[in-house]
Amino acid sequence: MWLRDELLKSIWHAFTALDVDQRGKVSKSQLKVLSHNLCTVMKIPHDPVALEEHFKDDDKGPLSNQGYMPYLNRFILDKVQEDFDILEFNKMCWTLCYKKKICTKHLLISDDDAFKVWCIFNFLSEDKYPLVIIAEEIEYFLRKLTEAMGSGWSEEKFLNYKVQLHAKTNCLTAWELIELVGMGYFSKGMNCQTLSMGITEVFQELILDVLKQGYMMKKGHKRKNWTERWFVLRPNSLSYYVCEDLVEKKGVINLDKTCCVESLPDKEGKKCLFIIKCTDKSFEISASDKKKKQEWLQAIQTCIQLLRLGLPSPHREARLRRRELRQRQQMEDDDLAERMKQLQAANETKQRQLEGMRKKVEEAAAKAAAEEHRRKQTQLDLQDRYRLDLEREKMVRQQMEEQVAQKSSELEQYLQRVQELEDMYHRLEEALEDERQAKQDEEAMHKLQARLLEEEAAKRAELEQIHLQQQRALSQTEAEKQELVAERLAKERDLQAAMQQLERLERERHGALEQYEKLTRKLERAANKTKTWKDKVAHHEGLVRLIQPGHKGPQRMTNWGPASFTDGELELRKKLWQDSKNHGAQPQ
């Protein structure tokens, strides 16, 4: 049974085409013509008396004000049966309206394609008047059309168009949709024939409820021969034609709840067989390949299942689901708007409360002005203190930066001093070598001085002994004075010689002392130089290395000290000492 809402959409287009002034009223004569055409197309007996009776109060005026919808529902739509041709009905309504609404000469599509787009619009439009199609249904139709043409869907292009559409009304009328498709905005690069084929395919799918179509082989009932036919599957029937132009219809297989479809094994040279079992007869069909066979089996089984469940066609069910989803979304939006109103009312109440509180706050603010002034004064004092602390901290930071820079400079100087220290270390080794040599010279001078002192002491002892002997000789006898004068003279001469020798020894001793002083000064200079180098090394390294004397070999011991003379000098000294001893013993 055709839905009344779908029939009313086509009738609405015809009625609005007759309403030239767009006031919602049409003359009675035009309504008579429209009603007669509708009854003829829908195969309903026409009752002109009923029309006259319905509009009997309008005989004086050219327009009807009783309302055409009550008459349409009671005398036409309530009597509609399912045996009329829906395409012929839509064609009649289309013929009444399209020439007054749109000119298809400047479009890429023909009048027949425009009619198909118009039917698709009626199918997808909302059940509200005036009829419009919203953006979601436009996108659904355009996707179907581009897929039928074999081109890719451009999401970005449709989003741009959707922005333009939203800036206007976010919906289109039937004539705007026809112009959109006819201008080829979403079919650039496609020729008119491809566009026409795409529109036809979508029309058959949505309007004619063609779920699947294609060539298959069918086995005859009488002659049992196999013939190729063009099959068209709809929700409640499977029709087959001579070819795909659908001109010569050869038969129809009516589907109902009792029907079933089953796969058959290959036989009689035929492959991909399946059978449709109905109440009165069965139909054997052969598909072109296994994939086609499976697709047909699944499609036919789906139709039978929908009939058993009492559900509409898939496209109508999908349309209902989309509408229900949009209605739920609209209800949620309305609910959200209602909540927003409630929140706004609550917000206004809060605003009034806040206004009262604001006045109280102003009163409290006047009382708190003095306290605020005191607080600001305290804050200013704290700011001054913080500023001073900040300046002090800044000065400390600058000093630290200067110290860091100084430390960096000292580090560079330290690196230079390390290099200098290495040079000093080499020089220090040389100075230490000089010091060791000076100490060796000092030890030699000490030994020489000790030897000279011993010789001097020996000579003094010898002179004292001689003097004592002279005193004893003088005290013993005066008589011997004369005798001893000569001896004294001799002794004096010996004494003079000894004195001369003593002077000579004294001079040698003075010379040795002078040499010793020179060596001492040289040793002091070497010690000072060594100390200076040690101080420099200690300043940079923090360590003064102790200088230890070198290894000494076995020493020779003599009367003049340990190792004071060489062996040759020692022999010479012994010889001179023996000679002087012998020479001193002869006068006695």
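Report on the accompanying structure. Please read all numbers here as calculations on a predicted model, not as lab measurements.

### Details of the pattern of salt bridges
What the rule picks out here adds up to 32 salt bridges. For the salt bridge of E6 with R319, the shortest nitrogen-to-oxygen distance reads 3.2 Å. Of the two residues, E6 is situated in helix 1 (residues 4-18) and R319 in helix 12 (residues 314-367); the sequence distance between them amounts to 313 residues. Of the two residues examined, E6 and R319, each falls in the buried class.

### Overview of the state of the cysteines
This model, assessed by the stated rule, comprises zero disulfides. Here C119 stays free of any disulfide, with the sulfur of C93 as its closest cysteine sulfur at 9.5 Å. Exposure remark for C119: the relative accessible area of 4% places this residue in the buried category. Here C259 stays unpaired: no disulfide links it, and the sulfur of C278, its closest cysteine neighbor, is 3.5 Å away. On the basis of relative accessible area, C259 is assigned to the buried category, the value being 0%.

### Overview of the pairing of strand 9 (residues 282-286)
Most of strand 9 is tucked away: four of the five residues are buried. Where strand 3 (residues 212-219) and strand 9 come together, two bridges link them in antiparallel fashion. Among the inter-strand pairings, M217 is bridged to a residue of strand 9, identified as S286. Bridge analysis of strand 8 (residues 273-277) against strand 9 gives five bridges, and the strand direction is antiparallel. Across the sheet, I275 pairs through a bridge with E284, a residue of strand 9. The antiparallel hairpin formed by strand 8 and strand 9 contains four residues in its connecting segment.

### Details of the packing of aromatic side chains
Scanning all chains against the criterion turns up 14 aromatic pairs. On the basis of an interplanar angle of 50 degrees and a centroid distance of 6.1 Å, the ring pair of F158 and F186 is categorised as tilted. Here F158, found in helix 8 (residues 155-168), pairs with F186, found in the loop between helix 9 (174-182) and helix 10 (192-206); they are 28 residues apart in sequence, far enough to count as distant. Like F186, F158 is buried. Of note, K212 hangs over the ring of W296, and the distance from its end group to the ring centre comes to 5.5 Å. The cationic tip of R319 hangs over the ring face of F123; the distance from NZ or CZ to the ring centre is 4.2 Å.

### Digging into the nonpolar core
In this structure, L38, M42, Y68, F89, W118 and I178 are the most contacted members of the largest nonpolar core, which totals 75 residues. Broken down by element, the residue count for this core peaks at nine residues, all from helix 6 (residues 111-124). Look past the residues within four positions of I178 in its chain and what remains in contact with it is W94, I102, L107, I109, A114, V117 and W118.

### Considering unusual backbone geometry
Following Y129, the chain continues into P130 via a peptide bond in cis, with omega recorded as 0 degrees. Mapping P130 onto the fold places it in the loop between helix 6 and strand 1 (133-134). Not every positive phi belongs to a glycine, and K43 is a case in point at roughly 60 degrees. By secondary structure assignment, the location of K43 is in the loop between helix 2 (28-41) and helix 3 (48-54). According to the relative accessible area criterion, K43 is exposed, its value standing at 56%. Within the chain, L246 stands out as a residue other than glycine whose phi angle is a positive 60 degrees. By the element assignment, L246 lies in the loop between strand 5 (237-241) and strand 6 (249-254).

What counts, and where the lines are drawn
- Residues numbered from 1 in each chain as written.
- Predicted model: local features only at pLDDT ≥ 70, side-chain atom pairs only at ≥ 80, totals over all residues.
- Heavy atoms only, no water.
- Salt bridge = Lys/Arg side-chain N within 4 Å of Asp/Glu carboxyl O.
- Helix = DSSP H or I, 4+ residues; strand = E, 2+ residues; numbered from the N terminus.
- Buried < 20%, exposed > 50% of the residue type's maximum accessible area, 1.4 Å probe, protein only.
- Disulfide = S-S within 2.5 Å.
- Pairing = 2+ DSSP bridges.
- Phe/Tyr/Trp six-rings, centres within 6.5 Å; stacked < 30°, edge-to-face > 60°.
- Lys NZ or Arg CZ within 6 Å of the ring centre and 35° of its normal.
- Core = buried A, V, L, I, M, F, W, Y, C linked by side-chain atoms within 4.5 Å.
- Contact = heavy atoms within 4.5 Å.

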